[in-house]
Amino acid sequence: MSEKPSKYYVTTPIYYVNDKPHIGHSYTTILADVLASYHRLLGIPTHFLTGTDEHGQKVQQAADANGITPQEQCDQTVVRFQELWKRLEIQNDDFIRTTEDRHKTVVQQTLQELFDRDEIYKAEYEGWYCVGCERFFTEKDLVEGNCPECNRPVDKIIESNYFFRMSKYQDWLIDYIESNPGFIQPSFRANETLGFLKNKELQDLCISRPKSRLAWGIELPFDTEFVTYVWFDALINYISAVGYKSDEEQFKKWWPCSTHLIGKDILTTHTVYWPTMLKAMNVAMPESIFAHGWWLTGRTKMSKSLGNVVNPMDMIDSYGVDAFRYFLVAEMTLGQDASFTEEAFVKRYNSDLANDLGNVTNRVLNMISRYCDGQMPSVSKGDFDTELEEALWKETVAAADEMGPMIGNMKLDASIGLVMTAVRKINVYLQERAPWSLAKQEGTEDQIAYSLYTAAECLRVCAALLYPVMPEKMLALRTALGMADAKPQLDKLTQFGVLASGTEISQPGALFPRIEVEKKDEKPADKPKKQKQKQQQPQKKEEPSKDGLITFDQVMAVNLKTAVVLEAEKIEGADKLLKLQINLGEEKRQLVAGIALHYTPEELVGKTIVVVANLKPAKLRGVKSEGMLLAASIGDNLKLVTVEGEMGPGASVK
Ligand code: MSP
């Protein structure tokens, strides 16, 4: 930060409680935590808010599917988020739930005020509604008849509703974004919003849902037949949590927010709905809205239906919290998408943490033990040449100085890279100075002491700079260097001579033990037994043809039949699976299908589907499945293969 701000208020999106948290949620929350931690260390009053978005159709549907009330659904799922944040060492100052009274009251007061000022009006609405996104679209918005945001099918809806006069703020918003370049970040996201605003007429925003369709929401204070739209409710969390309409002093202290961190998928709601809402409410704009990219699995979008979602708890169990936090922050260039693979994780862990940071820590601590009786050596410069030490210290200080502006510019990954370069330089220095060689000469005690002291001081600084990302391990490292108060303070960081000479150092054990991976490219000689076994096995499977084509006989071997769904139900503990009872003409069978995220049990009953009738029975999650249904899918969109017109069960499909 070039200029030290007087306060720092950072938010994450509030997460839906229809499902357990995944890596995307973890990422935004870790990012906010790292930013908050840096600001706190700089002595800047900091407020970090996260929470949960507990109203709306998704929660209602999840509750219905689980056979519990929406409030029970919220109460059960919120714990998962809170537990994960604890495990991820997240130091949020507040956690808001939109079902709390402190929030609901503010939403209702805001609605009433806007209604009284004619910013909200009632009208008949006809349009297309996406249940997944909980948003309305016009005919023109649709892409090939589907939702332009998530590509899922939309429902036609005609009903009376309340509207926020968003359209009247279109020109103001364009002007505001253009005259405040840092408002939406990265800048290409500002251009995206501007493109959207300049290329089409902004519609008024439908901010109500009739209770007959959705009861789980905050009631409109001026019409009890309606609840408010989940986004109108959710966005207000950023101000209700810091005292808007309830604690003026608190609100003045924190608002406007410094940074709303969001994922790129919720750009429009944050850069169009939210600013226009605030404008209508006469509330100041947030200073910045930063949209990060997506974590992909390899090159594919993570999605529940593809089964490739990374579970943060599994990663923490396998590799530890700090390493997980480090990987997420170091690997993603803020703003861009990034790929998460365990292979990439292990590679970065071994090279940055086990090799570089782990290695330099061991070397410094071991040499202090060996050559300085395990006590922090003396700072005094002798009359020996200290050029190397001075250069190393200068480079470390430069890294610390550069880090502030980088973080201010949201270049978190680059700032971590900078510190890691400084860590590597300590290693290079040790190699060059070679205290172990000096130890073989007479009269070099002072020089060894000064050399190891300098290396320890540089390590102290690097550990402080990495503390926001890896709090637990960096505290352990600094404690091992003999610091009584190991929690760093960044503004006192670059003073030479902070480590107290004569204090005992300790050995923290391996901070980052190397992860041993089985090499995939081992030569046959490395694995003689396995290779031999493989060669001796007769080839049972027919080799697929090189051109990828199959024969007519192979096609005919698959027996496809129509079937009518008689019953459908969820399988406990398997959120993607449904158990179906089907009529195959001459027989009834049970199928297990991974379509629960796309179809409710109710909408399946009576449908004529196509199934592979001669598939060997198998058990999925302990439930017998006798066949497989056919479905077409692309991305998150999945549709069952059905037959056109009248066709009973048991017809063969060719
Ligand atoms: N409830 C709304 C936000 C309301 S804020 C007033 C919501 N919730 S969410 O739980 O669906 O998503 C929360 C955040 O997780 C979004 O910022 C979204 O971008 C992020 N992620 C979900 N999957 C992700 C990845 N695979 N990678 C990175 N972040 C992604 O939207």
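Position numbers for residues count from 1 along each chain, tracking the sequence in the order it is written. Note on the predicted model: pLDDT of at least 70 is required for a residue's local features to be given, and 80 or more for side-chain atom pairs to be given and counted; whole-chain, interface and lining totals, by contrast, use all residues. The side-chain numbers reported here are obtained from all heavy atoms of the structure, hydrogens and water having been left aside.

Attention now moves to the overall build of the chain. Helix and strand content of the chain: 21 helices and 27 strands. The cut-offs for exposure are 20% and 50% of the maximum accessible area for each residue type, with area from a 1.4 Å probe on protein chains only; residues under the lower value are buried, those over the upper are exposed, and the others partly exposed. Evaluated residue by residue, the chain yields a buried proportion of 51% over its 654 residues. Working convention for charge: Lys and Arg count positive, Asp and Glu count negative, and His plus the chain ends are omitted. By convention, the point assigned to a charge is CZ for Arg, NZ for Lys, CD for Glu and CG for Asp. Between the mean site of the 75 positive side-chain charges and the mean site of the 91 negative ones, the chain shows a separation of 5 Å. Only DSSP runs of H or I reaching four residues or more are called helices, and only runs of E reaching two or more are called strands; each is numbered from the N terminus.

Next up on the list: the sheet that holds strand S11 (residues 219-220). A pair of strands is labelled paired if DSSP reports no fewer than 2 bridges between them. Pairing is antiparallel across the open sheet formed by three strands, whose spatial order is S10-S12-S11. The open sheet has two free edges, formed respectively by strand S10 (208-210) and S11, since each of these has just one partner strand. Sheet analysis places S10 next to strand S12 (residues 223-228), joined by three bridges and oriented antiparallel. Following the sheet pairing, Ser-208 is matched in S12 by Thr-228.

Bringing the packing of helix H1 (residues 23-41) against helix H3 (residues 70-87) into the picture now. Angles shown run from 0 to 180 degrees and are taken between the N-to-C directions of axes, each axis being a line fitted to C-alpha atoms and, for helices, limited to the stretch in contact. H3 packs onto H1 with a crossing angle of 50° between their chain directions and a minimal axis gap of 11 Å. Classified by the angle their axes make, H1 and H3 are oblique. When you trace H1 past H3, the crossing you get is right-handed. Side by side, H1 and H3 meet where His-25, Ser-26 and Thr-29 of the first sit next to Phe-81, Leu-84 and Trp-85 of the second. We call two directions roughly parallel when the angle between them is under 35 degrees, roughly antiparallel when it is over 145, roughly perpendicular when it lies between 65 and 115, and oblique otherwise. Note: crossing handedness is left-handed where the near helix turns anticlockwise from the far helix by less than a right angle, and right-handed where it turns clockwise. Note on definitions: a residue-residue contact is assigned when non-hydrogen atoms from the two residues lie within 4.5 Å.

Here the bond from Gln-185 into Pro-186 is cis, since omega is -15°, no more than 30 degrees from zero. Position of Pro-186 relative to the elements: it lies in the loop between strand S8 (184-185) and helix H6 (187-199). Note the cis peptide between Trp-255 and Pro-256, where omega equals 5°. Within the element layout of this structure, Pro-256 appears in the loop between helix H9 (248-254) and strand S13 (259-263). One non-glycine residue, Asn-151, lies in the positive phi region at around 70°. If you trace the backbone, Asn-151 turns up in the loop between strand S6 (135-137) and strand S7 (155-164).

Below, the discussion takes up the pattern of salt bridges. Any Lys or Arg side-chain nitrogen located within 4 Å of an Asp or Glu carboxyl oxygen qualifies as a salt bridge. Counted by the stated rule, this structure contains 29 salt bridges. Ionic pairing is found between Arg-87 and Asp-317, a salt bridge with its closest N-O pair at 2.8 Å. You can see Arg-87 sitting in helix H3 and its partner Asp-317 sitting in helix H11 (residues 312-319), a full 230 residues away along the chain. Taking the shortest distance from any N to any O, the salt bridge between Arg-102 and Asp-94 comes out at 3.0 Å. Among the residues examined, Arg-102 registers a relative accessible area of 31% and is labelled partly exposed. Classification of Asp-94 by relative accessible area gives buried; the value is 16%. Within the structure, one salt-bridge network assembled from shared partners comprises Glu-331, Arg-348, Asp-352, Asp-356 and Arg-424.

What follows is about the site of the ligand. Note on definitions. A residue lies near a molecule or strand when any single heavy atom of the residue is within 4 Å of it. Around the ligand, the structure places 22 residues, and the nearest of them are Ile-14, Asp-53, Gly-263, Asp-265 and Trp-295. Take Tyr-16: an N or O atom from its main chain is 3.2 Å from an oxygen atom of the ligand. Polar contacts, as counted here, are pairs of nitrogen or oxygen atoms within 3.5 Å of one another; within protein the pair requires one atom able to donate a hydrogen and one able to accept it, and residues that are adjacent in sequence qualify only if both atoms are side-chain atoms. Within the side chain of Asp-53, an N or O atom sits 2.7 Å from a nitrogen atom of the ligand. Per-residue and other accessible areas were derived by the Shrake-Rupley procedure at a 1.4 Å probe size, with only the shown protein chains allowed to occlude residues. Coverage of the ligand by the protein chains reaches 94% of its 670 Å² of free accessible surface. In terms of residues, the shell around the ligand owes the most to one element, helix H7 (residues 230-235), which gives three residues. Of the residues that constitute the shell around the ligand, the class distribution is 12 nonpolar, eight polar and two charged. As a working rule, the residues Ala, Val, Leu, Ile, Met, Phe, Trp, Tyr, Cys and Pro are called nonpolar, Asp, Glu, Lys and Arg charged, and the rest polar, with Gly in that last group.

A general tendency of soluble globular proteins is for nonpolar side chains to be buried together. Counting 103 residues, the largest nonpolar core has Trp-295, Phe-340 and Leu-357 as its most contacted members. Here this core gets 13 residues from one element, more than from any other, and that element is helix H17 (residues 445-466). Residues in contact with Trp-295, not counting those within four places in the same chain, are Ile-23, Tyr-27, Met-302, Phe-327, Leu-328, Glu-331, Met-332, Ala-338, Ser-339 and Phe-340. Formed by 59 residues, the second largest nonpolar core is a distinct cluster that contains Ile-14, Tyr-16, Met-166 and Ile-262. Nonpolar cores were defined as sets of buried Ala, Val, Leu, Ile, Met, Phe, Trp, Tyr and Cys residues, with membership established by side-chain atoms within 4.5 Å.

With that settled, the discussion passes to the confidence of the model for the chain. What pLDDT reports is the predictor's confidence in each residue, on a scale of 0 through 100. Residues with a pLDDT of 70 or more make up 93% of the chain, whose mean pLDDT is 89. Contacts from residues 520-544, a stretch scored under 50 in pLDDT, to residues over four places away or in other chains number five contacts.

This next bit is on the sheet that holds strand S9 (residues 205-206). Spatial ordering of the open sheet is given by S6-S5-S7-S9, a layout of four strands whose pairing is antiparallel. Strands with a single pairing partner mark the edges of an open sheet, and in this sheet they are S6 and S9. Sheet analysis places strand S5 (residues 120-130) next to S7, joined by 10 bridges and oriented antiparallel. The residue of S7 that forms the bridge with Ile-120 is Phe-164. Helix H10 (residues 267-281) rests against S6, S7 and S9 of the sheet, and its axis sits at about 35° to S7.

This next bit is on the side chain of Thr-99. One can find Thr-99 in the loop between strand S4 (94-97) and helix H4 (101-116). There is a polar contact of 2.5 Å between the side chain of Thr-99 and the side chain of Glu-54. Beyond its immediate sequence surroundings of up to four residues, Thr-99 is in contact with Glu-54, His-55, Gln-71, Lys-104 and Trp-216.

For Phe, Tyr and Trp, where Trp contributes only its six-membered ring, two rings pair if their centres lie within 6.5 Å, and the inter-plane angle classes them as stacked under 30 degrees, edge-to-face over 60, or tilted in between. This structure, assessed with the given rule, holds 33 aromatic pairs. With 5.9 Å between their ring centres and 75° between their planes, Trp-295 and Phe-340 make a pair best called edge-to-face. Of this pair, Trp-295 sits in strand S15 (residues 295-297) while Phe-340 sits in strand S17 (residues 338-340); the two residues are 45 residues apart in sequence, bridging distant segments of the chain. Judged by relative accessible area, which is 4%, Phe-340 ranks as buried. What links up through ring pairs into an aromatic cluster is the set Tyr-27, Trp-295, Tyr-319, Phe-327, Phe-340, Phe-345, Tyr-349 and Phe-512. Positioned over the ring face of Tyr-371 is Arg-370, at 5.9 Å from the centre of the ring. A ring is scored as having a charge over it whenever the NZ atom of a lysine or the CZ atom of an arginine sits within 6 Å of its centre and within 35 degrees of its normal. The lysine or arginine in question, Lys-473, covers the ring of Phe-512, its NZ or CZ lying 5.6 Å from the ring centre.

Turning next to the state of the cysteines. For this text, the term disulfide refers to a pair of cysteine sulfurs within 2.5 Å. What the rule picks out here adds up to zero disulfides. Take Cys-458: it sits in no disulfide, and the sulfur closest to it among the cysteines is that of Cys-462, at 6.8 Å. Taking relative accessible area as the criterion, Cys-458 reaches 0% and is therefore assigned buried. Judged by its relative accessible area of 0%, Cys-462 falls in the buried class.

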